[in-house]
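Coordinate analysis (summary)
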Amino acid sequence: MRNWLILFILFFSPLSFGEDKTTLYDFRYWSAPDHTRIVIDKDEDTLFNIQSSDDYVIISFDDAEVLSETFSNIFFKDNRIQKVRIKREKTTIKLIVHISKKFKLKHFTLNPNSKYKHHRLVVDVLDLEKKVTKKVTKTDSPPSLRNQKIILVDAGHGGEDSGAVGKNKSLEKNVNLAIAKKLVAIINQNKDFKAVLSRSGDYYVPLTKRLTIAQQQKASMFISIHADSVESISAKGASVYMLSEKGNNSKLAKQLEASQNLVDQFGGVETVIDNDQFLKNILTDYSRKDKEKQSFELAQEIIAQLDKIGPIHKKIPQKANFVVLKSPSIPSVLVETAFISNPTQEKRLTNKKQQQKIAQSIYKGIVNFYQKLD
Ligand SMILES: [Zn+2]
C-alpha cells in the first residue's frame with residue numbers, strides 16, 4: 001500500500017506536471033526606423049495571448065517556464081519601449097511591455113531554421129508617430145542636387161536574419177552594414193552622386209522593400225553588399241553577381257540564390273512576390289537587355305578594382321536570379337566581398353581598414369562604369 005502511495009505521489013505531484021510546461025528560451029529585439037521587433041524563442045506548442053492598451057502590451061504564455069538566465073536581464077535601448085516587466089501569475093508568465101509612442105501591433109510565428117533551433121513568436125510594434133524627416137546622421141545622404149546620380153547601397157540581411165556566420169562568429173549582416181556605410185560616405189564626397197542606404201541599422205528589411213526603396217529614391221544604380229560562405233574554409237575571394245532570367249547552372253550560384261531568396265522567410269508575413277510575374281514585367285521592359293549589359297559592365301568594373309586589393313573568386317561576373325537584383329530598369333549588382341567562412345578572409349572583413357579598402361574599390365568601379373557610359 002505504501003509503495004502505491006509513493007507511486008501515486010510521484011505520478012501526480014506538481015513536479016511531474018512540470019514536464020508539461022513549455023519553455024521560453026530566449027528573447028531579442030530589433031529597433032528599425034519605423035518599428036521595433038520583439039522575438040521570443042519558445043516551444044512549438046506554447047500557448048500565448050497578446051493584449052494591448054494605449055501604452056502597453058501584455059504577452060502572456062500559459063503553463064510556461066522561463067530559462068532564468070535568459071530573462072533575468074531584460075532591458076531595452078529603444079526609443080519606443082520604456083521598460084519591460086515579467087510577472088508570474090500562477091502558471092502564466094506575462095511579459096508587460098510599456099510603450100511610449102502611439103503604436104499598432106502585428107504578430108506572427110516562425111518555424112526553426114538553420115540559424116534558429118526554436119520556434120519563434122515575433123511581435124512587431126509599428127510606430128504610428130514615426131517622423132517622415134529622419135534625424136541627420138553622418139552616413140545619411142545629403143539632399144539631392146540636379147543631375148546627381150542616385151545610388152542605392154543595400155547592406156544584405158539584418159536584425160533577426162544574421163546572414164552567414166564566420167568561424168570566429170562574425171555575422172555577415174554586421175560586415176555588410178559596415179562596408180555599406182563606408183561606401184555611402186565615400187560616394188557622398190563626390191558631388192555628382194548621392195548614395196542612400198536601404199537600412200542604416202541592425203534590423204530586417206524584406207527584399208522586396210529594398211527594391212521599393214530604390215524606386216522611391218529614384219535610384220539609377222542598385223548595389224547590394226554581401227559576404228560569401230561555403231562549407232570549405234579554404235574558399236576565398238570576391239564575386240560580383242548580376243541579374244539573369246535563367247540564373248547560373250553552377251551549384252554555388254544555385255545555393256546562393258536559394259539562401260538569398262529564402263531570407264524573405266524572416267519577414268514572416270511578407271507576401272511572397274510572384275517570381276514569374278515579376279520576371280515577365282522585366283521581360284516586357286524594352287530597355288532590359290541594355291540594363292543587363294550595363295549590370296554586366298558595372299560588375300566587371302567592380303571586379304577589376306577588387307582584383308587590385310585581394311583575391312577574386314570568379315573573374316567574370318556571375319549570373320543569378322536574386323530577388324534583390326530584379327530591379328529591372330537600373331543596373332544592379334550583388335557584391336560578395338569575400339568569404340566570411342574562411343577565417344583569414346573573415347579577419348579581413350571585420351577589419352576597418354580593409355572594409356574601407358573594399359568600399360573604395362567598389363566606389364572606383366562605379367566611377368569607371370559611369371565614365372565609360374558617357
Ligand atoms: Zn548574404
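Since this is a predicted model, take the numbers as computed values, not measurements.

What follows is about the overall build of the protein chain. When you go through the protein chain residue by residue, the secondary structure sums to ten helices and 15 strands. Evaluated residue by residue, the protein chain yields a buried proportion of 38% over its 374 residues. Within the protein chain, contacts between residues separated by at least 24 positions form 75% of all contacts whose residues are at least 6 apart in sequence.

A few words on the confidence of the model for the protein chain. Taken over all residues, the pLDDT of the protein chain has a mean of 80, while the share at 70 or more is 73%. Note on residues 1-18: pLDDT is under 50 here. Beyond four places in sequence and across chains, it has two contacts. The model gives residues 263-287 a pLDDT under 50, and that stretch makes 31 contacts with residues more than four places away or in other chains.

It is worth spelling out the nonpolar core at this point. Ranked by size, the top nonpolar core spans 48 residues in total, and within it Ile151, Val153, Leu183 and Val333 carry the most contacts. For this core, the element with the highest residue contribution is helix H4 (residues 172-187), accounting for eight residues. The residues contacting Leu183, other than those within four sequence positions of it, are Val153, Ala195, Ala359, Ile362 and Tyr363. Counting residues in hydrophobic clusters, the runner-up holds 24 residues, among them Ala32, Val57, Phe103 and Val205.

As summarised here, the arrangement of the four strands in space is E3-E4-E7-E6, forming an open sheet in which the pairing is antiparallel. Since the sheet does not close on itself, it has two edges, and those belong to strand E3 (48-52) and strand E6 (81-89), each with one partner. Between one strand axis and the next, the sheet turns by 15° as a mean value, whatever way the strands run. Direction of pairing for strand E4 (residues 56-61) relative to strand E7 (residues 92-99): antiparallel, over a ladder of six bridges. Across the sheet, residue Val57 finds its bridge partner in E7, namely Val97.

The next point concerns the pairing of strand E15 (residues 332-339). In summary, the side chains of a regular strand alternate between the two faces of the sheet. Extensive coverage of E15 is indicated by the burial of eight of its eight residues. Direction of pairing for strand E12 (residues 221-228) relative to E15: parallel, over a ladder of six bridges. Counted as the bridge partner of His226 is Glu336 from E15.

As a further point, take the sheet that holds strand E8 (residues 103-110). Strand order in the open sheet formed by five strands is E5-E1-E2-E9-E8, and the pairing between neighbours is mixed. The strands lining the two open edges of the sheet, one partner per strand, are strand E5 (64-66) and E8. Strand-to-strand twist of the sheet, defined as the mean angle between neighbouring strand axes without regard to direction, takes the value 30°. Two strands pair when backbone bridges link them, and E8 and strand E9 (residues 119-127) are joined in this way by eight bridges, in the antiparallel orientation. Bridged to Thr109 within E9 is Leu121.

This part is about the packing of H4 against helix H10 (residues 352-373). To describe two helices that pack against each other, one gives the angle between their axes and the distance between the axes. One can describe the packing of H4 onto H10 by two numbers: an axis separation of 8 Å at closest approach and a directional angle of 50°. Taken together, the axis directions place H4 and H10 in an arrangement best described as oblique. Judged by the sense of rotation from one axis to the other, the crossing of H4 with H10 is right-handed. Here Ala178, Ile179, Lys182, Leu183, Ile186 and Ile187 of H4 come into contact with H10, specifically with Gln355, Gln356, Ile358, Ala359, Gln360, Ile362 and Tyr363. Tallied by class, residues from the contact of H4 with H10 come to nine nonpolar, three polar and one charged.

Here the focus is the environment of Thr46. For Thr46, the position within the fold is in the loop between strand E2 (35-42) and E3. Residue Thr46 is classed as buried on the basis of its C-beta count, with 22 C-beta atoms lying within 10 Å. Here the alpha-carbon distance between Thr46 and Asp62, two residues 16 residues apart in the chain, equals 7.0 Å. Every residue in contact with Thr46, bar those within four places of it in the chain, is listed here: Thr22, Phe61 and Ala64.

Definitions and cut-offs
- Each chain carries its own residue numbering, running from 1 in the direction its sequence is written.
- Residue-level local features of this predicted model are given only where pLDDT is at least 70; pairs of side-chain atoms are given and counted only at 80 or more, and the full residue set underlies all totals for whole chains, interfaces and linings.
- By definition, any uninterrupted DSSP run of H or I lasting at least four residues is a helix, any uninterrupted run of E lasting at least two residues is a strand, and each is numbered from the N terminus.
- Burial is judged by counting other C-beta atoms within 10 Å of a residue's own C-beta: 20 or more means buried, 12 or fewer means exposed, and anything between counts as partly exposed, with every C-beta placed from the backbone.
- A pair of residues counts as a contact when their C-beta atoms, built from backbone coordinates, are within 7 Å of each other.
- Confidence scores here are pLDDT values: one per residue, from the predictor, ranging 0 to 100.
- The nonpolar core is taken to be a set of buried Ala, Val, Leu, Ile, Met, Phe, Trp, Tyr and Cys residues joined by way of C-beta atoms within 7 Å.
- The rule for pairing is simple: two strands pair if DSSP sees at least two bridges between them.
- The angle between two axes is taken between their N-to-C directions and runs from 0 to 180 degrees, where each axis is a line fitted to C-alpha atoms and a helix contributes only its stretch in contact.
- Working rule for angles: under 35 degrees goes down as roughly parallel, over 145 as roughly antiparallel, 65 to 115 as roughly perpendicular, anything else as oblique.
- Should the near helix be turned counterclockwise from the far one by less than a right angle, the crossing is left-handed, whereas a clockwise turn marks it as right-handed.
- Gly falls in the polar group here, along with every residue not listed as nonpolar (Ala, Val, Leu, Ile, Met, Phe, Trp, Tyr, Cys, Pro) or charged (Asp, Glu, Lys, Arg).

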